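# Descriptive analysis of the structure
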Amino acid sequence: MIKKTARAITLWTSKYSPLGEVEERVICYGVETFLESIMAIGMFIFIGIGIGRGMETAISLLGFGILRTQAGGFHCEKKWNCRSCMLLLLGLSLCMGELTEFSVMMRSVLFLLMGGITWILAPVDGKKNKIRDEAVRRRKRKMAEIILIIGYVFTFFMTAKLSTAFTAALLFEIYTLLPKEDKKKWKKLEEEVQR
């Protein structure tokens, strides 16, 4: 259904601006990706409203998504894995808002920690490789830092549960920047220690 809709939109736009075959495929892919993202966000918000946490869901998704565009992070290879992980992270963020409340001091420490990790590791692509173009890296890193600062200021205007869920969502996004554990290295280290 999404592919058909994306194809129809692409054909409609090509009536007004003729496209080459490659351009048409690229635009169709972009429209398809956009529609899939809108559907996923809509589904998450619908679930959030269904459990009585619509506002927390929307704010958490907004913070996570905006920071993700600038900082990057690990991406799943398959779309259903991505949606499942996103649902899990969103659920954990909402649970954090219900189970605990971050004090102003705790939020400050977490945002400083997130800022430091972002400054050191961001931006990365979907496989956690550093982006090579230095100008793009500097711009994206600055934007990620600005997003964190604005997010921190906004937490003072939110309820305690909402600010905790929002902070947790940002924290989970920053977690996707961290290096993956290399099991072979750990196994080798364990063997060396046992000798």
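The structure displayed is predicted, hence computed values, not measured ones. (Residues numbered from 1 in each chain as written. Predicted model: local features only at pLDDT ≥ 70, side-chain atom pairs only at ≥ 80, totals over all residues. Heavy atoms only, no water.)

Here we come to the overall build of the protein chain. In terms of regular secondary structure, the protein chain is built from eight helices and zero strands. Helices and strands in the protein chain line up, N terminus first, as α-α-α-α-α-α-α-α. (Helix = DSSP H or I, 4+ residues; strand = E, 2+ residues; numbered from the N terminus.)

This part is about the pattern of salt bridges. All chains considered together, the criterion is met by six salt bridges. In this structure, Glu 24 engages Arg 7 in a salt bridge whose closest nitrogen and oxygen atoms are separated by 2.6 Å. Within this pair, whereas Glu 24 is found in helix α2 (residues 21-50), its partner Arg 7 is found in helix α1 (residues 2-16), the two being separated by 17 residues in sequence. On the accessibility criterion, Glu 24 (17% relative accessible area) is buried. What emerges from the salt-bridge pattern is a single network uniting Arg 53, Glu 56, Glu 98 and Lys 161. (Salt bridge = Lys/Arg side-chain N within 4 Å of Asp/Glu carboxyl O. Buried < 20%, exposed > 50% of the residue type's maximum accessible area, 1.4 Å probe, protein only.)

Let us now look at helix α5 (residues 104-121). Counting along an α-helix, one turn takes 3.6 residues, and residues three or four places apart therefore face a common direction. With 18 residues, α5 should cover 26 Å at 1.5 Å per step; its first-to-last C-alpha distance of 25 Å lies within 8% of that length. All of the buried residues along α5 are Arg 107, Ser 108, Leu 110, Phe 111, Met 114, Gly 115, Ile 117, Thr 118 and Leu 121. Along its buried surface, α5 packs onto α6 (134-155) and α7 (160-175). (Expected span 1.5 Å × (residues − 1). Contact = heavy atoms within 4.5 Å.)

Of all residues in the protein chain, 88% have pLDDT values of 70 or greater, and the mean over the chain is 84. Considering each helix and strand of the protein chain separately, the mean pLDDT is smallest for helix α8 (residues 183-194), with a value of 60, and largest for α5, with 91. (pLDDT = per-residue confidence, 0-100.)

What the largest pocket holds in volume is close to 1,300 Å³. In this structure, the largest pocket is lined by 42 residues; those nearest its centre are Phe 64, Arg 68, Phe 74, His 75 and Cys 82. At the level of elements, α2, α3 (54-71), α4 (79-99) and α7 are the ones that each hand at least two residues to the lining of the largest pocket. With nine residues, α3 is the largest single contributor of residues to the lining of the largest pocket. When the residues that make up the lining of the largest pocket are grouped by side-chain class, the tally is 24 nonpolar, eight polar and 10 charged. Considered as a void within the structure, the second largest pocket measures approximately 200 Å³ in volume. Lining of the second largest pocket is provided by Ile 59, Leu 62, Gly 63, Ile 66, Ile 147, Ile 150, Gly 151, Phe 154, Met 158, Leu 162, Phe 166 and Leu 170. (1 Å grid on protein atoms, 1.4 Å probe; cavity = no way out; pocket = protein on both sides within 12 Å on 5 of 7 lines; lining within 4 Å. Points joined across faces, edges and corners; volume = space filled by probe spheres on them. Nonpolar A, V, L, I, M, F, W, Y, C, P; charged D, E, K, R; others polar.)

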